[in-house]
Amino acid sequence: MINVKTEQHPKKMSAADLVDHLSNQNLITDPNGINSFIQAQQQTPDIPIYLKILSGIGAFIASICFVGFLILIEVISFNNAVGALTTSVIFIVAAIGLYTVTSDDNSTGKNFFLQVSFALMGTGKLLFVFATLEDFGENLLAIALSSLLITALTYPFYRLHVERFMSCTGVLIVILLNILWEDELGLPTDIAFNLFILVQLVAAGCLLLHPKIPAFFQPVAQALVTGLAISVLFLSSHTEFDYLDNPLFISSFTSNILFAAALIFLIIWAAGGKEHIKREPIIVAMIGTILLALLSAPGILLSLGLMIFGYARHDKLFTLLGFLLLPVFLWLYYYNLDITLLQKSIILVASGGVMIAGKFYLKLRGWDRTAPQISNEDGTLNNKATDQGDISCA
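The residue numbering used here restarts from 1 in each chain and proceeds along that chain's sequence as written. Predicted model: local features are reported for residues with pLDDT of at least 70 only, side-chain atom pairs are reported and counted for 80 or more only, and whole-chain, interface and lining totals are derived from all residues. The side-chain quantities take in all heavy atoms of the structure and omit both hydrogens and water.

## Things to note about the packing of helix 9 (residues 218–237) against helix 13 (residues 316–335)
The N-to-C vectors of helix 9 and helix 13 enclose an angle of 5°; their axes lie 11 Å apart at closest approach. Here helix 13 runs roughly parallel to helix 9, going by the angle between their axes. Note on element contacts: helix 13 touches helix 9 through L317, F318, L321, L325, V328, F329 and L332, opposite Q222, V225, A229, V232, L233, S236 and S237. Of the residues belonging to the contact of helix 9 with helix 13, the class tally is eleven nonpolar, three polar and no charged. For helices, the fitted axis covers only the stretch in contact; all axes are lines through C-alpha atoms, and the angles between them, taken along N-to-C directions, range from 0 to 180 degrees. To qualify as a helix, a DSSP run of H or I must reach at least 4 residues; to qualify as a strand, a run of E must reach at least 2; elements of each kind are numbered from the N terminus. Geometric relationships in this document are graded by angle, where less than 35 degrees denotes roughly parallel, more than 145 denotes roughly antiparallel, 65 to 115 denotes roughly perpendicular, and other angles denote oblique. Contact criterion: two residues are considered in contact whenever any of their non-hydrogen atoms come within 4.5 Å of each other. Only Asp, Glu, Lys and Arg are considered charged in this grouping, and only Ala, Val, Leu, Ile, Met, Phe, Trp, Tyr, Cys and Pro are considered nonpolar; every other residue, Gly among them, is considered polar.

## Here's the deal with the nonpolar core
It is characteristic of soluble globular proteins that their nonpolar side chains tend to be buried jointly. Put simply, a nonpolar core is a bunch of buried Ala, Val, Leu, Ile, Met, Phe, Trp, Tyr and Cys residues held in one set by side-chain atoms that sit within 4.5 Å of each other. The classification of residues rests on relative accessible area computed with a 1.4 Å probe and restricted to protein chains. Under 20% of the type maximum is buried, over 50% is exposed, and intermediate values are partly exposed. Residues F193, I197, F259 and L302 are the most contacted members of the largest nonpolar core, which totals 46 residues. Secondary structure elements with two or more residues in this core: helix 7 (161–181), helix 8 (189–209), helix 9, helix 10 (253–271), helix 11 (280–295), helix 12 (298–313) and helix 13. It is helix 10 that provides the largest number of residues to this core, a total of nine residues. If we ignore the near neighbours within four places in the chain, the residues touching F259 are I197, L201, L228, V232, P298, L301 and L302. Counting 18 residues, the second largest nonpolar core, distinct from the first, contains A59, V67, Y99 and L127.

## A word on the pattern of salt bridges
Salt bridges are identified by distance alone: a Lys or Arg side-chain nitrogen within 4 Å of an Asp or Glu carboxyl oxygen. Across all of its chains, the model carries one salt bridge by this definition. Close ionic contact of K125 with E163 constitutes a salt bridge, the shortest N to O distance being 2.7 Å. A residue pair is termed long-range when its members are at least 10 positions apart, and K125 in helix 5 (residues 110–136) and E163 in helix 7 qualify at 38 residues. Classification of E163 as buried rests on a relative accessible area of 5%.

What follows is the structure, encoded as structure tokens:
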């Protein structure tokens, strides 16, 4: 790996300047292709995440109220599936048209029209799901299939990020509910649940870690991570679900193995690849992951993975999500331990002692720095990485 010496520049370097500099140094062979890829990934400045959440909640409430209003004035009737389906198509087309017209508008009314189009799209999708239930069957599987179909059809045309994210997340939630409380999949619940976790892990890994995945799939990747968090919350909050007097038990052992394997792969990726697998920090991190898989819960491994990925990619959203989920899963883990309060207190004190000892060990080894000191074969410390500004994530 090439170490780039960091220098202070009075002027910030743009992406084009960086590509030209690397091309002049003969460090890259296809500058035009790299420039085209950067331009394809470039996005316009986005609104803050909290405004996205509020707009999504507002649009969802507006869609529910809109559907209720149309039912009250008898514009639509669920007894007439064809009429409801036709109305849903009209709303969806209107939403796409309104978004297309106003997406490039820089006036103050842009956000209002985007919110209206968002509400129209939500209303159209709700009507589509209700209208097609009779064809797919009135159960959770039918809702999952109908939601998946309409999301796949509208995803390429309606480019509002928060709507894509909410639609994909909704599909994953319905699939999860179908796995937990429906008997039409033909698989035992625990096997279906762990297969669902595995599919989400693999899909999220491909979309987030592959360098050539376009930004077009970013809402899907974020929805997959959210789906994993919701799935693990179901698993961590209770080990038994009672629904219509149907007891359900899912063991977390298989999920622990899946998340531990994913976390080890993520650590190797963040360290720079398999050529760094023999470095001492990576070996210690993998051993710690295996111990966590044996002693802790899937949610803790998921939270650590999100923080590692967010730090490696400088993505504050994933880092924040990991920080928020970690105390939740820690609380659920200790709360669900089938031991006395005194034993739980001893475990908490011992866990705190281990964390403090780990902090001192990291400081002693120099791994708490951005560019850690690496031991040479003779046991001396190699300061070359620190002097030259090692840009590796490990």
